[in-house]
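Inside the fold
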Amino acid sequence: MAMTTAAVALGALPFTAPTPAFAASHSVSLTVGPVPVPHVPLSACIDTTCVSTPPLNSVTLSTTATVNGPALPILTPAPCPNGGRGAAIRISSLTPTTVTISGSVSGTSSSGQVNIPLGPVTETITPGTPGVLVSACTT
């Protein structure tokens, strides 16, 4: 009899869904490389926001995408744009998602190790679109 009473009492509690302001953030990361490149400067980009690197002999690209809420973006290795050489990562999503993207480009130059931070950049990704390309490629 006590079990029945407890079940009825619990069933009477109000249920409140969490509000988006309290949604936990989740991150996914992907690293591509090291990839050999022909000792030339690279364009390191998140979408169309780019910086140049010094001439590199190899490159490694690390990318992290952070969202607030349950939907996680999808990170996959991608080809460099315009037939360039280097490393690239495509960020896409199966649901509309606002994502904060950051990363780093590391590599070797004739004077030693280079590490260049990228982002953070906030983008909205819509299903059915190419998403966002993060790249460190020759031009």
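Scroll up a little and you will see the structure.
In this report, the structure presented in the accompanying data block is examined. Numbers given for residues are sequential positions, taken from 1 along each chain in its written order. For a predicted model such as this one, the threshold for reporting local features is a pLDDT of at least 70, and the threshold for listing and counting side-chain atom pairs is 80 or more; totals across whole chains, interfaces and linings nevertheless cover every residue. The side-chain figures draw on all heavy atoms in the structure; neither hydrogens nor water molecules are used.

This next bit is on the side chain of T53. Within the secondary structure, T53 is located in the loop between strand 3 (49–52) and strand 4 (56–68). As used in this structure description, the phrase polar contact means that two N or O atoms lie within 3.5 Å; if the pair is within protein, one of them must be able to donate a hydrogen and the other to accept it, and residues adjacent in sequence are counted only when both atoms belong to side chains. Separated by 2.9 Å, the side chain of T53 and the backbone nitrogen of L42 make a polar contact. Excluding residues that lie within four positions of it along the chain, T53 makes contacts with P41, L42, A44, V105 and I116. Working definition: helices are DSSP H or I runs of at least four residues, strands are E runs of at least two. Numbering for both runs from the N terminus. Contacts between residues were defined by any pair of non-hydrogen atoms, one from each residue, lying within 4.5 Å.

Attention now moves to the environment of V37. Relative to the assigned elements, V37 resides in strand 1 (residues 25–40). Buried residues are those whose accessible area, probed at 1.4 Å on protein chains only, stays under 20% of the maximum for their type, while exposed residues exceed 50% and partly exposed ones sit between those limits. For V37, a relative accessible area of 7% corresponds to the buried category.

With that settled, consider the sheet that holds strand 8 (residues 112–125). Strand pairing follows a simple DSSP-based rule, namely that at least 2 bridges must link the two strands. With antiparallel pairing, four strands are arranged side by side in an open sheet as 1-4-7-8. Here the strands that pair on one side only, and so sit at the sheet edges, are strand 1 and strand 8. Adjacent strand axes in the sheet meet at a mean angle of 15°, parallel and antiparallel pairs treated alike. Direction of pairing for strand 1 relative to strand 4: antiparallel, over a ladder of 11 bridges. Paired with L30 across the bridge in strand 4 is T63. Axis lines are fitted to C-alpha atoms, over the contacting stretch for helices. Their N-to-C directions set the angle, which ranges from 0 to 180 degrees.

Further remarks concern the state of the cysteines. The disulfide criterion is simple: two cysteine sulfur atoms within 2.5 Å. Taken as a whole and judged by the stated rule, the model has two disulfides. Here C80 is linked by a disulfide to C137, with a sulfur-sulfur distance of 2.0 Å. Around the S-S axis, the bridge from C80 to C137 shows a dihedral of about -75° and counts as left-handed. You can see C80 sitting in the loop between strand 5 (74–77) and strand 6 (86–92) and its partner C137 sitting in strand 9 (residues 132–137), a full 57 residues away along the chain. Comparing C80 with C137 shows no difference in burial state: the two are buried. In the chain, numbering the disulfide-bonded cysteines from first to last in sequence yields the connectivity 1-2, 3-4.

This next bit is on the nonpolar core. In terms of nonpolar packing, the biggest core is built from 26 residues, with V59, I91 and V105 touching the most fellow members. Counting residues per element, the ones that place at least two in this core are strand 1, strand 2 (43–46), strand 4, strand 6, strand 7 (97–109), strand 8 and strand 9. Discounting residues that sit within four places of it in the chain, V59 has contacts with V32, G33, P34, V35, V37, L42, G86, A87, V105, S106, G107 and A136. To form a nonpolar core, buried Ala, Val, Leu, Ile, Met, Phe, Trp, Tyr and Cys residues must be joined to one another through side-chain atoms within 4.5 Å. A78, C80, A88 and C137 belong to the second largest nonpolar core, which has five residues in total.

Turning our attention to the sheet that holds strand 5. Strand order in the open sheet made by the five strands is 3-2-9-6-5, with antiparallel pairing throughout. Edge strands, defined here as strands with exactly one partner in the open sheet, are strand 3 and strand 5. For this sheet, the mean inter-axis angle between neighbouring strands, taken without regard to orientation, is 15°. Direction of pairing for strand 6 relative to strand 9: antiparallel, over a ladder of six bridges. For R90, the partnering residue across the bridge sits in strand 9 and is L133.

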